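# Secondary and tertiary structure notes
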Amino acid sequence: MSASNNRIFVAGHNGMVGSTLVRQLQKTPSVTLVTASHKELDLTDQAAVQTFFRAQKIDQVYLAAAKVGGIHANNTYPADFIYQNLMIEANIIHAAHLNDVQKLLFLGSSCIYPKMANQPMTESALLTGTLEPTNEPYAIAKIAGIKLCESYNRQYGRDYRSAMPTNLYGPNDNFHPENSHVIPAMMRRFHEAKEAGANEVVVWGSGKPMREFLHVDDMAAACEHIMNLDSKTYEANTQPMLSHINVGTGVDCTIMELAETLADVTGFSGRLVFDTSKPDGTPRKLMDVSRLKALGWQACIPLKEGLTSTYAWFLKSQEQLRG
């Protein structure tokens, strides 16, 4: 069944990923989008989720809902991260099955791979080594989501797929100064330094680690592409117990290069200072996206272009806050 005649439930539609999926799916006029805010539906409540699915007659699900956060949040609230994420995905996937929803796409994260995985990270690296300790509970929950999808496929003949995006950025990102990810945190820092007329910006670490970044609009386009692949093509490029697909650009840059690009995009003309007393983290985290390319999709938004449009969105959102 194509997306053109479907009622599609986007779980987590208020987050950066979910809201972008909504924008992407709205491009098809005959799609009816189904959404529910946290106030309307607690996804950790099994009975409430079952009632919602029975009432809504859903055809497809994009499962973007999750409890997310940076290293500090993951370290401070590990029980919350594993419990809430396990409940959300188990409740939605099981309710989808019970209500005969044949197609579902589960959104995971690149943190599912072992801390010391070979670079670039292939899908087959899953479960081959020890996870990064700081976000292990979150990663375990995301791995469980992949295995839930695969298990319902194997036992019940469902068509539940999993996409694992790399580091995402874009509109509706979290720009909180303490608990945001690297791009929004640095973008805000450069913006505030420019506004204050500061002559330098301090960047944590040596600037040498390499990271991959994907614009959230590219992520949404990739997810729709993966969801709408015919079963024969999807199955020919995956395995029943190794069915997830990496979603990324296949290109990385150093943190120093990222900082230089952000300085340019935000108009900060001072100097960059790298605080080598702060940890660098993993030297490199790059996704192998050859499986996705074989399925006919690749990213098209260059990093500088994506950062420029994200900064424009950030400025607009700051104006609205002041207004």
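Residues numbered from 1 in each chain as written. Predicted model: local features only at pLDDT ≥ 70, side-chain atom pairs only at ≥ 80, totals over all residues. Heavy atoms only, no water.

### Concerning the pattern of salt bridges
It is possible for side chains bearing opposite charge to pair when their charged atoms get close. Evaluation of the coordinates by the stated rule reveals ten salt bridges. Among the ionic pairs, arginine 161 bridges to aspartate 159, the shortest N-O distance being 2.8 Å. Relative accessible area serves as the criterion here: at 12%, aspartate 159 is assigned to the buried category. Arginine 271 is the salt-bridge partner of glutamate 200, the closest N and O atoms lying 2.8 Å from each other. Separated by 71 residues along the polypeptide, glutamate 200 in strand E7 (residues 200–204) and arginine 271 in strand E12 (residues 271–275) bring together distant segments of the chain. Glutamate 200 gets classed as partly exposed once you look at its relative accessible area, which sits at 31%. (Salt bridge = Lys/Arg side-chain N within 4 Å of Asp/Glu carboxyl O. Buried < 20%, exposed > 50% of the residue type's maximum accessible area, 1.4 Å probe, protein only. Helix = DSSP H or I, 4+ residues; strand = E, 2+ residues; numbered from the N terminus.)

### Comments concerning the nonpolar core
Of all hydrophobic cores here, the largest spans 41 residues; its most connected members are Phe53, Val61, Ile92 and Leu104. Aside from chain neighbours lying at most four places away, what touches isoleucine 92 is Ala11, Leu43, Val49, Phe53, Val61, Leu63 and Leu104. If you look at the next biggest cluster of nonpolar residues, it comprises 29 residues, including Val17, Leu21, Val216 and Ile226. (Core = buried A, V, L, I, M, F, W, Y, C linked by side-chain atoms within 4.5 Å. Contact = heavy atoms within 4.5 Å.)

### Observations regarding the packing of aromatic side chains
Summed over the entire model, instances satisfying the criterion amount to nine aromatic pairs. Both rings, one in phenylalanine 9 and one in phenylalanine 52, keep their centres 4.9 Å apart while their planes meet at 55°; by these two values the pair is tilted. Here the residue phenylalanine 9 occupies a position in strand E1 (residues 7–11), and phenylalanine 52 occupies one in helix H2 (residues 46–56), the gap between them amounting to 43 residues. Relative accessible area serves as the criterion here: at 12%, phenylalanine 52 is assigned to the buried category. On the basis of an interplanar angle of 80° and a centroid distance of 6.3 Å, the ring pair of phenylalanine 81 and tyrosine 138 is categorised as edge-to-face. Here phenylalanine 81, found in helix H4 (residues 78–98), pairs with tyrosine 138, found in helix H5 (residues 136–156); they are 57 residues apart in sequence, far enough to count as distant. Across this residue pair, the class does not change: phenylalanine 81 and tyrosine 138 are buried. Taken together, the ring pairs in this structure connect Phe175, Tyr311, Trp313 and Phe314 into an aromatic cluster. One residue, lysine 67, lies across the ring of phenylalanine 81, its end atom 5.1 Å from the ring centre. Directly above the ring of tyrosine 234 sits arginine 161, whose terminal nitrogen or CZ lies 4.2 Å from the centroid. (Phe/Tyr/Trp six-rings, centres within 6.5 Å; stacked < 30°, edge-to-face > 60°. Lys NZ or Arg CZ within 6 Å of the ring centre and 35° of its normal.)

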